[in-house]
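So you can see what is in the structure, the chains are spelled out below.
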Amino acid sequence: MEQEPYITLANHQGRYEQTIKKSRFILDIARIQDEGAATDYIEAIRKQERRATHHVWAYLIGDDSRTQRYSDDGEPAGTAGVPMLEVLKNNHLHDVVAVVTRYFGGIKLGAGGLIRAYAGTVADGLTTLPLVERQQRRLVKLTVDYKHYDVLKNWLLHANIKSIQTQFDVMVTIEIAIPDRLLGQVEQALNDSTAGQGRLTVESYMDVELPVVGNIHSQTMSLK
């Protein structure tokens with residue numbers, strides 16, 4: 001079964017603000033690892049924005065989102081915390097806590113307007129922040145003689161395979177992290193560039209974080 005994408009913030013935290021019918025909606029979002037960090041962050045935002053009307057929040061923790069919490073903080077039930085949580089879930093966000101602070105501007109939005117405002121603030125804010133997707137890659141070591149190093153390095157460059165590190169000793173060892181489907185291609189390139197004199201060592205899997213390219217949406221219903 002294909003694993004659900006694991007997407008999270010590239011940076012520790014971010015902020016976004018917009019005004020909807022004279023109400024200010026401020027998103028503060030952070031990358032966290034446990035509930036203690038989530039609750040500490042929520043409390044810090046409450047103190048920072050102590051004059052605000054509402055501090056609505058939601059968070060997801062764990063690869064399988066095993067920990068999910070939200071609060072409407074006084075807004076009508078189902079119009080604030082749940083829509084925020086659904087946006088995080090439907091965009092495959094993990095290990096994040098989102099707080100939307102509202103400064104009421106005097107115009108009531110109604111249930112539908114509140115849902116769109118809270119969900120939209122989270123979604124719009126995410127489009128302004130760098131996100132990463134964690135993927136599994138196989139750690140591979142390529143060991144070659146110095147005379148073959150430049151040829152292999154250029155091939156990796158053109159194949160858009162970045163080295164993790166390069167060790168210069170008696171031989172040169174280049175460490176790369178690649179999906180299993182590229183193992184055969186890399187092995188063939190190693191043999192071609194070294195006339196079969198290079199050595200390929202396949203090691204364990206490792207997690208890498210790659211920039212996310214795609215559209216964030218404000219979907220608040222479960223996606224199939």
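Residues numbered from 1 in each chain as written. Predicted model: local features only at pLDDT ≥ 70, side-chain atom pairs only at ≥ 80, totals over all residues. Heavy atoms only, no water.

**Overview of the pattern of salt bridges**
With the rule as written, the count across this model stands at 15 salt bridges. Notably, a salt bridge pairs glutamate 17 with arginine 24, separated by 2.7 Å at the nearest N-O pair. As a salt-bridge pair, aspartate 180 and arginine 138 come within 3.3 Å of each other at their nearest N and O atoms. A residue pair is termed long-range when its members are at least 10 positions apart, and aspartate 180 in the loop between strand S9 (172–178) and helix H5 (183–194) and arginine 138 in strand S7 (residues 131–144) qualify at 42 residues. Assessed through its relative accessible area of 34%, aspartate 180 is described here as partly exposed. Judged by its relative accessible area of 19%, arginine 138 is buried. What emerges from the salt-bridge pattern is a single network uniting Arg15, Asp28 and Glu49. (Salt bridge = Lys/Arg side-chain N within 4 Å of Asp/Glu carboxyl O. Helix = DSSP H or I, 4+ residues; strand = E, 2+ residues; numbered from the N terminus. Buried < 20%, exposed > 50% of the residue type's maximum accessible area, 1.4 Å probe, protein only.)

**Section: the nonpolar core**
Within the largest apolar cluster, 28 residues are counted, with the highest numbers of intra-cluster contacts made by Ile29, Met84, Leu88, Tyr118 and Val122. Aside from chain neighbours lying at most four places away, what touches tyrosine 118 is Phe25, His54, Val56, Glu75, Thr79, Ala80, Met84, Val100 and Arg102. Listed in part, the 14 residues of the second largest apolar core include Tyr149, Val172, Ile176 and Val186. (Core = buried A, V, L, I, M, F, W, Y, C linked by side-chain atoms within 4.5 Å. Contact = heavy atoms within 4.5 Å.)

**Brief notes about the UniProt feature "domain: Impact N-terminal" (unreviewed entry) in the protein chain**
Feature annotation in UniProt places "domain: Impact N-terminal" (unreviewed entry) on residues 21–124, given in this structure's numbering. Here residues 21–124 is 38% helix and 29% strand, with 17 Å between the C-alpha atoms at its ends. (UniProt positions renumbered as here; feature names shortened; annotations may be inferred.)

**Some thoughts on the UniProt feature "domain: UPF0029" (unreviewed entry) in the protein chain**
In the numbering used here, UniProt assigns the "domain: UPF0029" (unreviewed entry) feature to residues 142–197. Secondary structure within residues 142–197 divides into 45% helix and 29% strand; the distance between the first and last C-alpha atoms comes to 11 Å.

**Looking at unusual backbone geometry**
The general pattern is negative phi for most residues beyond glycine and trans for most peptide bonds. With a phi close to 75°, lysine 22 is a non-glycine residue in the positive phi region. With respect to the helices and strands, lysine 22 occurs in the loop between strand S2 (13–20) and strand S3 (23–31). Lysine 22 gets classed as exposed once you look at its relative accessible area, which sits at 63%. A positive phi angle, close to 60°, is found at asparagine 160, a residue other than glycine. Its place among the elements puts asparagine 160 in the loop between helix H4 (146–158) and strand S8 (163–168). Classification of asparagine 160 by relative accessible area gives exposed; the value is 63%.

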